[in-house]
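Report on the structure
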Amino acid sequence: MNSNLFGDLAGTQFYSAILLWTGRVELNSGLLMDPDCGNCWRSSKKDSWKTTLLLAYQSLGVVYGDLSISPLYVYKSTFAEDIRHSETNEEIFGVLSFVFWTLTLVPLFKYVFVVLRAHDNGEGGTFALYSLLCRHAKVSLLPNRQVADEALSTYKLESPPETKNSSWVKNLLEKHKSLHTALLILVLLGTCMVIGDGVLTPAISVFSAVSGLELSMSKEHHQYAVVPITCFILICLFALQHYGTHRVGFFFAPVVLTWLLCISALGLYNIFHWNRHVYQALSPYYMYKFLKKTKKGGWMSLGGILLCITGSEAMFADLGHFSYTAIQIAFTFLVYPALILAYMGQAAYLSKHHQLHSTYHVGFYVSVPESVRWPVLVVAILASVVGSQAIISGTFSIINQSQSLGCFPRVKVVHTSDRVHGQIYIPEINWMLMILCLAVAVGFRNTKHMGNASGLAVMTVMLVTTCLTSLVIILCWHKPPIMALAFLLFFGSIEALYFSASLIKFLDGAWLPILLALILMTVMFVWHYATIKKYEFDLHNKVSLEWLLALGPSLGIARVPGIGLVYTDLTSGIPANFSRFVTNLPAFHRVLIFVCVKSVPVPYVPPAERYLVGRVGPPAHRSYRCIVRYGYRDVHQDVDSFESELVERLADFIRFDGSRSHHNTSPSIEYEGSHSGESTGECRLTVIGTVAFSGPPAYEMEGSVEPTSVSVGFETVESMTDVIEMEPPIRRVRFAIDDESENDERLETDLLVREELEDLWAAQQAGSAFILGHSHMKAKQGSSLFKRAAIDVGYNFLRKNCRGPDVALRVPPVSLLEVGMVYIV
């Protein structure tokens, strides 16, 4: 793929601004993405380390807020019920050893050194892994895949050649559709658990921070103060979400940095003041002694120990906002040492206070000297708010990705920043999260149940990531399956051990993420299943182009002024809802555009490659097809800018097609059916970007210009839709006319192009109408009980109670024409 396009794309569109100390710093043209190393930021050699360190600093507030506050509740959750701290210190030293090795093996070795490399054009997270797998193997259930999509510069495939073993695994996955479904269910499970974590993390973080009041208040007072104060902070946190992270994000990194320095200093103080030999507990031998003494109780207490890695997934999920090196530096040299010192300090304090057996005295704040307890409490509350904000923003992002890939009902997505890409706010999800967070805080009222619930959600996400990364190692990196199996068994066994300890706490809070995941997975799977069935119905019931071309005054069909934008999921053919529209209202617009807004399994689509434009029928019919491609993290434009840009791209296509028809010896209109044997009458689709076409390609260049894109051809295509022509570079041209006949031919072509453009501008001035299908789905007679329940009950309920396609596509109600359709699937 074209590296220049990819670099320009990264520098100009989706990483246009990154938050720094005062909120954000703009990326200039010297800071680009290197396609050879994914999201590796590069600038001049002089500034590269400075930029990396600034990104590492900023990642503290966005990535590590959740992970850094785990010392607030790990020991308290671990010693809540299953084990007790005794005078031998075997329990506290064993827990410290488990914490140390868990932090070392999972966040450091697994995420920093392996998983972060499995990025999708610099993007991380569950859907990034799924997107990578869908590009390297045909495992996606979405049926609208085109060969044209593979020409995208962001449709990057790994370079190592396939081995026999990896090819065997790939063929096995592609052959069995049940494995496609299983893979999707695995991805949806991880997604649902991330959303569940978005409910649990704010509750346990803020509650744990506020619980520090218990050491400064009497027991009678603090039990009536902690929950109300927690609820008040949570309400304020969710109420401020609509302002966007960039409005309050300028203090995120300083708060987390202050918190990390604070717990490091407290840890060092406690180590030197209480027990300088606590470092001996880092030996794995203490884990053995711990399990030998505590037996089943020690195994069950692992559900509290695993909370020390809560938030590790954020390192991968938020990779797109930072570089691999920046996240690596921040964790390795600051976050990891600070957390280890904090846990060692708490263990050192507890090792000299054997009389403190109750859970009440095993919390974080008992190890804080009384003279600094109030300042630490304030910093802890601020840090918990930052950590909560990070997971809330992540929940919005993953729901938006799910919606883009047809796995979530339509919701309103508000982009809160024009300068910082990817910062979104979803109103209905925000208020649902707030209600659930308040219910968790009020219902559980202790870190024990919250910790059990949060631990299960976290460990499930990590297990899903481990499984998907194993497939990436085989299918994308083309490594031997034995390496993937070793990765899966080593890290999977560790996570399975913690998962089992969390699952055994089902009645003590772990039921909550399971219930949330069950509900969300049902909603997402039903919506995805119905979306596929609806697309298949449209595909089998599309109308032939001959029917459209036959419509005319002889049949009583009138062409009215204006532009008709017919929205459809089809990438070829005439949708059935348009035929229903013409049947009931025998008129359609002078300019007709069949618009398909399509999601592609890449994080971003460059603006210059977003629009695929072609004709539907001869030029005189004034009918066109436009496929608008978005990645799963792209920002969808509002309707005003979208309509204007669509018309501009259509005008560019008309100019380009005119120049192409003049210089081609073959007819200017090459139909889609010319290669497939079908007479569909559709032109080949052309990539039309932001470059304006000023004339035919016969020119003399003034100065040297570097091309921004190349023509891409395919040896074997099923239709002309699969032939992509990239736009020529911007050039200043001087036309060279050799003879009079060529001049006359060009003048004639220019007149036709000018006439077509005038019709387009006139239609735009007359107004646009957006023609959308209003669908009602019904299962066929004789369908299974599951299908009837999913379609007749589940999907139709969601369709009626969620936002319609007009809201998702931002169609103005005054210009909306809805066509009722009944889908029998």
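As the structure is a computational prediction, the values presented were derived from the model and not from experiment.

A tally of helices and strands in the protein chain yields 27 helices and 15 strands. Relative to its full complement of 825 residues, the protein chain shows a buried share of 59%. Expressed as a percentage of contacts within the protein chain between residues at least 6 apart in sequence, the contacts between residues at least 24 apart total 83%. With an accessible surface of roughly 33,300 Å², the protein chain has 61% of that area assigned to carbon and sulfur atoms.

In the structure shown here, the tally under the stated rule is six cavities of 30 Å³ or more. Quantified by volume, the largest cavity comes out at close to 250 Å³. Mapped onto the lining of the largest cavity, the elements with two or more residues apiece are α6 (126-136) and β8 (587-599). Element by element, the count of residues in the lining of the largest cavity is highest for α6, at four residues.

Before going further, it helps to examine the pairing of β8. The buried count for β8 comes to 11 of 13 residues, which makes it a mostly enclosed element. Sheet topology note: the β8/strand β10 (residues 623-630) ladder contains eight bridges and is parallel. By the bridge assignment for β10, S599 is matched with Y630.

What follows concerns the pattern of salt bridges. Inspection of the entire model under this criterion finds 18 salt bridges. Note that E648 is salt-bridged to R649, the shortest N-O span being 3.9 Å. Taking relative accessible area as the criterion, E648 reaches 41% and is therefore assigned partly exposed. According to the relative accessible area criterion, R649 is buried, its value standing at 7%.

Okay, the sheet that holds β10 next. What the seven strands build is an open sheet, ordered β11-β9-β10-β8-β7-β14-β15; its pairing is mixed. The open sheet has two edge strands, β11 (686-688) and β15 (816-824), and neither has a second partner. The average angle at which neighbouring strand axes cross in this sheet is 30 degrees, direction not considered. Strand direction decides the pairing type here: strand β7 (residues 558-567) and strand β14 (residues 768-778), joined by four bridges, are parallel. In the sheet register, V566 faces β14, and the bridge partner there is I771. The strands that helix α20 (residues 511-540) touches are β14 and β15; relative to β15, the one it contacts most, it runs at about 95 degrees.

To continue, consider helix α18 (residues 447-475). Relative to the 42 Å expected for 29 residues at 1.5 Å per residue, α18 spans 41 Å between its end C-alpha atoms, a close match to the ideal helical length. Burial of α18 is extensive: 26 of the 29 residues sit out of reach of the surface.

For the rest of this paragraph, the subject is the nonpolar core. Of all hydrophobic cores here, the largest spans 175 residues; its most connected members are Y64 and W259. The next biggest cluster of nonpolar side chains, apart from the first, holds 27 residues, and it includes V613, L646, A763 and F770.

Within an α-helix, residues lying three or four positions from one another point in the same direction, as the helix has 3.6 residues per turn. The terminal C-alpha atoms of helix α5 (residues 90-113), which comprises 24 residues, lie 32 Å apart, in line with the 34 Å expected from a rise of 1.5 Å per residue. Burial analysis of α5 places 20 of its 24 residues in the buried class, which makes it a mostly covered element.

This part is about the side chain of S211. In this fold, S211 is placed in the loop between α8 (177-210) and α9 (219-239). For S211, a relative accessible area of 8% corresponds to the buried category. The contact partners of S211, leaving out residues within four places of it in the chain, are K76 and V226.

On to the packing of aromatic side chains, then. Taken as a whole, this structure holds 23 aromatic pairs when the rule is applied. Measuring from centroid to centroid gives 5.7 Å for F98 and F290, while their planes differ by 70 degrees, and the two rings are edge-to-face. Taken together, the residues F98 in helix α5 and F290 in helix α12 (residues 285-294) connect sequence positions 192 residues apart. Between Y567 and F770 the ring centres are 6.1 Å apart and the planes differ by 20 degrees, which places this aromatic pair in the stacked class. Of this pair, Y567 sits in strand β7 while F770 sits in strand β14, and the two are 203 residues apart along the sequence. Judged by relative accessible area, which is 8%, Y567 ranks as buried. Members of the aromatic cluster, each reached through a chain of ring pairs, are F93, Y285, Y286 and Y288. One residue, R135, lies across the ring of Y155, its end atom 5.4 Å from the ring centre.

The element β10 is extensively covered by neighbouring structure, given that eight of its eight residues are classed as buried. Of the two faces of β10, the one carrying S623, R625, I627 and R629 and the one carrying Y624, C626, V628 and Y630 are both buried. Pairing of strand β9 (residues 611-615) with β10, which is carried by five bridges, proceeds in the antiparallel orientation. Residue G614 lies in a different strand from β10, and its bridge partner there is R625.

A few words now on a nonpolar patch on the surface. Together, I482, M483, L485, L488 and L489 make up a nonpolar patch on the protein surface, roughly 470 Å² of accessible area in all. Take L489: it is sitting in helix α19 (residues 481-503).

Here we take up the environment of V199. On the secondary structure map, V199 appears in helix α8. Residues V199 and V440, 241 residues apart in the sequence, show an inter-C-alpha distance of 8.1 Å. Not counting residues up to four positions away in its chain, the partners in contact with V199 are L433, L436, C437, V440 and L516.

Among the secondary structure elements, A342 is positioned in helix α15 (residues 324-351). What makes A342 buried here is its relative accessible area of 3%. Note: C-alpha distance between A342 and I271 (71 residues apart in sequence) is 9.5 Å. Discounting chain neighbours no more than four positions away, the residues touching A342 are P71, I263 and G267.

Although it is not a glycine, R445 sits at a positive phi angle of roughly 60 degrees. Structurally, the position occupied by R445 is in the loop between α17 (427-444) and α18.

How two helices pack is summed up by the angle between their axes together with the distance between the axes. Interhelical geometry of α6 versus α18 gives an angle of 30 degrees and a closest axis separation of 10 Å. Classified by the angle their axes make, α6 and α18 are roughly parallel. Note on packing geometry: the crossing formed by α6 with α18 is left-handed. Each of T126, L129, L132, L133 and H136 in α6 lies in contact with α18, whose residues at this interface are V464, T465, L468, T469, L471, V472 and L475. Considering only residue class, the contact of α6 with α18 consists of eight nonpolar, four polar and no charged.

Axis separation between α8 and α20 bottoms out at 8 Å; the angle between their running directions is 130 degrees. It follows that α8 is oblique to α20 by the angle criterion. Note on packing geometry: the crossing formed by α8 with α20 is right-handed. Across the interface between the two elements, T181, L184, I185, L188, L189, T191, C192, M193, I195, G196, V199 and L200 of α8 pack against L512, P513, L516, A517, L520, M521, M524, F525 and H528 of α20.

Bringing the side chain of S402 into the picture now. Examined against the element boundaries, S402 turns out to sit in helix α16 (residues 373-404). Under the relative-accessibility criterion, S402 is labelled buried at 1%. Here I398 takes part through its backbone oxygen, which lies 2.8 Å from a polar atom of the side chain of S402.

Close inspection of predicted coordinates is inappropriate in any region flagged by low pLDDT. On average, the protein chain scores 78 in pLDDT, and the residues at 70 or more come to 78%. Considering only residues more than four positions removed or in separate chains, one finds that residues 665-681, a stretch of pLDDT under 50, has 33 contacts.

Conventions we followed
- Residue positions are counted from 1 within each chain, in the order its sequence is given.
- In keeping with the model being predicted, local features are shown solely for residues with a pLDDT of at least 70 and side-chain atom pairs are shown and tallied solely at 80 or more, while totals for entire chains, interfaces and linings include all residues.
- Here the side-chain values reflect all heavy atoms present in the structure, with hydrogen atoms and water set aside.
- Helix and strand definitions here come from DSSP, where helices need a minimum of 4 consecutive H or I residues and strands a minimum of 2 consecutive E residues; each element is numbered from the N-terminal end.
- Each residue is assigned to one of three classes by its accessible area relative to the maximum for its type, calculated with a 1.4 Å probe on protein chains only: buried under 20%, partly exposed between the two thresholds, exposed over 50%.
- Every residue pair with non-hydrogen atoms within 4.5 Å of one another is taken to be in contact.
- Computed by Shrake-Rupley with a 1.4 Å probe, the accessible areas treat only the displayed protein chains as cover when residues are assessed.
- Of the grid points, spaced at 1 Å and generated over the protein atoms alone, those admitting a 1.4 Å probe that cannot get out make up cavities, while open sets with protein on both sides within 12 Å along at least five of seven lines make up pockets; any residue with an atom within 4 Å of a point is treated as lining.
- Grid points are joined across faces, edges and corners, and a volume is the space filled by probe spheres set on the points.
- When DSSP finds two or more bridges between two strands, those strands count as paired.
- The salt bridge definition used is simple: a Lys or Arg side-chain nitrogen within 4 Å of an Asp or Glu carboxyl oxygen.
- Interaxial angles span 0 to 180 degrees and are taken between N-to-C directions of axes, which are lines fitted to C-alpha atoms, for helices over the stretch in contact.
- Take the residue count of a helix, subtract one, and multiply by 1.5 Å to get its expected span.
- Buried Ala, Val, Leu, Ile, Met, Phe, Trp, Tyr and Cys residues that are joined via side-chain atoms within 4.5 Å together make up what is termed a nonpolar core.
- Aromatic pairs are defined between Phe, Tyr and Trp rings, using the six-membered ring for Trp, whenever the two ring centres lie within 6.5 Å; interplanar angles under 30 degrees are classed as stacked, those over 60 as edge-to-face, and all others as tilted.
- Criterion for a charge above a ring: Lys NZ or Arg CZ within 6 Å of the ring centre, and within 35 degrees of the ring normal.
- A patch consists of residues exposed above 30% relative accessible area that lack any salt bridge, with like charges linked at up to 9 Å and nonpolar side chains (Val, Leu, Ile, Met, Phe, Trp, Tyr) linked at up to 5 Å.
- Relative orientations are named as follows: roughly parallel for angles under 35 degrees, roughly antiparallel for angles over 145 degrees, roughly perpendicular for angles from 65 to 115 degrees, and oblique for any other angle.
- Handedness of a crossing follows from how the near helix is turned relative to the far one, being left-handed for an anticlockwise turn of less than a right angle and right-handed for a clockwise one.
- Think of it as three bins: nonpolar holds Ala, Val, Leu, Ile, Met, Phe, Trp, Tyr, Cys and Pro, charged holds Asp, Glu, Lys and Arg, and polar takes everything else, Gly as well.
- For this analysis, a polar contact is any N or O atom pair within 3.5 Å, provided that within protein one partner can donate a hydrogen and the other can accept it, and provided that sequence-adjacent residues contribute only side-chain to side-chain pairs.
- Note on scores: pLDDT gives the predictor's confidence for each residue, bounded by 0 and 100.

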